[in-house]
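Summary of structural features
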Amino acid sequence: MLPAAARQAAAPAPVTLFDGKTLGAWKPVSFGGEGEVSIVEGAIRLDRGNDLTGVVWTGKVPGPSFRVQMEARRVDGSDFFCAVTVPVAGSHCTFVVGGWGGTVVGFSSLDGLDASENETSHTVPFVDHRWYRVAVDVTPTRIQGLIDDKVEAEAVLAGREVDVRLEMLPCRPLGIASWRTVSDIRALTLQERA
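Our subject in this report is the structure included herewith. (Residues numbered from 1 in each chain as written. Predicted model: local features only at pLDDT ≥ 70, side-chain atom pairs only at ≥ 80, totals over all residues. Heavy atoms only, no water.)

Pairing within the open sheet is antiparallel, and its seven strands lie in the order 2-5-14-7-8-9-10. A strand with exactly one partner marks an edge of an open sheet, and here the two such strands are strand 2 (26-28) and strand 10 (122-123). Of the strand pairs in this sheet, strand 2 and strand 5 (residues 52-57) are connected by three bridges, and their pairing is antiparallel. Bridge pairing links Pro28 to Val55 in strand 5. (Pairing = 2+ DSSP bridges. Helix = DSSP H or I, 4+ residues; strand = E, 2+ residues; numbered from the N terminus.)

Among the structural elements, Thr53 can be located in strand 5. Thr53 gets classed as buried once you look at its relative accessible area, which sits at 0%. Among all residues touching Thr53, those that are not within four sequence positions of it are Phe31, Glu34, Gly35, Glu36, Val37, Leu46, Asp47, Arg48, Ile176, Ala177 and Ser178. (Buried < 20%, exposed > 50% of the residue type's maximum accessible area, 1.4 Å probe, protein only. Contact = heavy atoms within 4.5 Å.)

This part takes up the pairing of strand 15 (residues 182-192). Bridge count for strand 1 (residues 15-16) against strand 15 is two bridges, and the pairing is antiparallel. Opposite Val15, over in strand 15, you have Leu190 as the bridge partner. Pairing geometry for strand 4 (residues 43-46) and strand 15, over three bridges, is antiparallel. Residue pairing across strands places Arg45 opposite Asp184, the latter belonging to strand 15. With nine bridges connecting them, strand 6 (residues 66-76) and strand 15 associate as antiparallel partners. In the sheet register, Val68 faces strand 15, and the bridge partner there is Leu190.

Okay, the side chain of Arg74 next. Following the sequence through the fold, Arg74 ends up in strand 6. A polar contact of 3.2 Å, which involves the side chain of Arg74, links it to the backbone oxygen of Gly102. Those residues in contact with Arg74 that lie beyond four places of it in its chain are Asp79, Phe81, Gly98, Gly102, Phe126, Asp128, His129, Thr181 and Val182. (Polar contact = N/O pair within 3.5 Å; in protein donor to acceptor, adjacent residues only side chain to side chain.)

Between side chains of opposite charge, a pair can form when the charged atoms approach closely. In total, this model carries 16 salt bridges according to the counting rule given. The shortest N-O distance in the salt bridge between Asp76 and Arg48 comes to 2.2 Å. Of this pair, Asp76 sits in strand 6 while Arg48 is found in the loop between strand 4 and strand 5, placing the two residues 28 residues apart along the sequence. Salt-bridge contacts for Arg74 lead to Asp128; the nearest nitrogen and oxygen are separated by 3.1 Å. Within this pair, whereas Arg74 is found in strand 6, its partner Asp128 is found in the loop between strand 10 and strand 11 (132-138), the two being separated by 54 residues in sequence. Look at the salt bridges and you will find they share partners, linking Arg45, Arg73 and Asp184 into a network. (Salt bridge = Lys/Arg side-chain N within 4 Å of Asp/Glu carboxyl O.)

Taken as a whole, this structure holds zero disulfides when the rule is applied. Lacking any disulfide linkage, Cys82 is separated from the closest cysteine sulfur, that of Cys171, by 11 Å. On the basis of relative accessibility, which here comes to 0%, the residue Cys82 falls in the buried class. With no disulfide partner, Cys93 has as its closest neighbouring cysteine sulfur the one in Cys171, 13 Å distant. (Disulfide = S-S within 2.5 Å.)

Any functional reading would require information that these geometric values do not contain.
So this is what it looks like as structure tokens:
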């Protein structure tokens, strides 16, 4: 097995998933009650929905080891402005950023528990209109959620039930959503890992 530094050097460079001009392989999700999805100042704008607005990736599904990264900001609203659903461990999981009133960060769902209920849950104060670097690192055995390069949520997956909340099913296999909140997403990249 290669040392970690050699594996990292051998990993492909990140691939851009959004050109800042068109949705490309991103498709608006039909949740029912969703807000408009548009391009505003080089970002994907998720307008306020009742309840969810989001996009799903229709290109090649990443995995089993990868990092998806983006910049996200809450423009208006008081709930999650970036919930990233990813394929992991033969299922899917969502990294929630700013949920349950605007501050909760964590993974939904682990052993049937939401991001507000499991051990990955904690609060982070978010500032409206500020860009945050959001990333999700996935391997077959663990998942990490990072904000501004700091690990904010992490779970080892052995022996765990991993899934998404029912309303997030349309975001599979790779998607981004907001809850009753206007948000912008830009600088979307994907890096496959060995």
